[in-house]
Amino acid sequence: MKKTDFIQTVSKHIKLIRVEQQLSQEEMAEILGISKKTLIQIEKERTVANWGTVVTLCALFNDSEILLNEIGDDPVEFVKLLAKEVAYEPKSKTLGGRVWWKQIATDGDYVMQLNVISSHYRILDSNDVRWYSSFDADDALHVLARLARDHREESLS
């Protein structure tokens, strides 16, 4: 999923997210830092939200079932991935990918998974901690091998 696709997706669902959160248009516009007129235009699909509005929405409503179902991942982590195009650092513990994830490869204590909704990859360790995210499968496979190799070398020393 590209940034523009994500913006389109979030824009299409902004009204549902507002209703899910039990907010009026005035309240939602205030929270997002946009005018009520702009929010109405987005809700009527006459325009799309800008990147800043989408990021704000994902940060403030990261527990939205609608966002989770559309992305298949933590909205904040997904925004970071779109912004950076790659994330290579240990993150918080995940649920292990039982719902939106398909296992692609394993190496040692690491597993590479594909998100079935957004088609991005991630690598988890044996404790289900996310170490890497990317849209590039080949790059993810290389990182999987490197993480497993580094872990084996640490275990030997």
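The model shown is predicted, which means the values in this text are computed figures rather than measured ones.

Student: I'd like a rundown of the packing of aromatic side chains, residues and numbers included.
Tutor: All told, the structure shown has three aromatic pairs when counted by the stated rule. Relative to Phe 135, the ring of Phe 78 lies with its centre 6.1 Å away and its plane at 80°, an arrangement referred to as edge-to-face. With a gap of 57 residues between them, Phe 78 in helix 6 (residues 75-84) and Phe 135 in the loop between strand 5 (130-134) and helix 7 (137-156) connect regions that are remote in the sequence. Exposure remark for Phe 78: the relative accessible area of 0% places this residue in the buried category. Here Phe 135 falls in the partly exposed class, since its relative accessible area comes to 28%. Taking the centre distance of 6.4 Å and the plane angle of 85° together, the rings of Tyr 110 and Trp 131 count as edge-to-face. One end of the pair, Tyr 110, is in strand 3 (residues 110-115); the other, Trp 131, is in strand 5, with 21 residues separating them in the sequence.

Student: Tell me about the packing of helix 2 (residues 25-32) against helix 3 (residues 36-43), and name the residues and values.
Tutor: Following both chains from N to C, one finds helix 2 and helix 3 inclined at 105°, their axes separated by 9 Å at the closest point. Taken together, the axes of helix 2 and helix 3 lie roughly perpendicular to each other. Between helix 2, through Gln 25, Glu 26, Met 28 and Ala 29, and helix 3, the contact on the second element is made entirely by Lys 36, Leu 39, Ile 40 and Glu 43. When grouped by side-chain class, the residues that make up the contact of helix 2 with helix 3 number four nonpolar, one polar and three charged.

Student: So what about unusual backbone geometry? Which residues, and what values?
Tutor: A positive phi angle is found at Gln 22, which is not glycine, with a value near 60°. Take Gln 22: it is sitting in the loop between helix 1 (3-20) and helix 2. Since its relative accessible area comes to 71%, Gln 22 is described here as exposed. Located in the positive-phi region is Ser 119, a residue other than glycine, with phi close to 65°. Take Ser 119: it is sitting in the loop between strand 3 and strand 4 (121-124).

Student: Provide a residue-level description of the side chain of Arg 122, including the pertinent values.
Tutor: Within the secondary structure layout, Arg 122 lies in strand 4. Its relative accessible area of 3% is what places Arg 122 among the buried residues.

Student: Can you lay out the pattern of salt bridges for me, pointing to particular residues and giving the numbers?
Tutor: One pass over the full model with this rule turns up five salt bridges. With a shortest N-O distance of 2.6 Å, Arg 18 and Glu 43 are connected by a salt bridge. Placement of Arg 18 in helix 1 and of Glu 43 in helix 3 is noted, with a sequence separation of 25 residues between them. With a relative accessible area of 14%, Glu 43 lands in the buried category. A salt bridge links Asp 150 to Arg 149; the nearest nitrogen and oxygen atoms lie 3.7 Å apart. The exposure class of Asp 150 is partly exposed, given its relative accessible area of 29%. Arg 149 sits in the partly exposed class, given a relative accessible area of 39%.

What counts and what doesn't
Residues numbered from 1 in each chain as written. Predicted model: local features only at pLDDT ≥ 70, side-chain atom pairs only at ≥ 80, totals over all residues. Heavy atoms only, no water. Phe/Tyr/Trp six-rings, centres within 6.5 Å; stacked < 30°, edge-to-face > 60°. Helix = DSSP H or I, 4+ residues; strand = E, 2+ residues; numbered from the N terminus. Buried < 20%, exposed > 50% of the residue type's maximum accessible area, 1.4 Å probe, protein only. Axes fitted to C-alpha atoms, helices over the stretch in contact; angles between N-to-C directions. Parallel < 35°, antiparallel > 145°, perpendicular 65-115°, else oblique. Contact = heavy atoms within 4.5 Å. Nonpolar A, V, L, I, M, F, W, Y, C, P; charged D, E, K, R; others polar. Salt bridge = Lys/Arg side-chain N within 4 Å of Asp/Glu carboxyl O.

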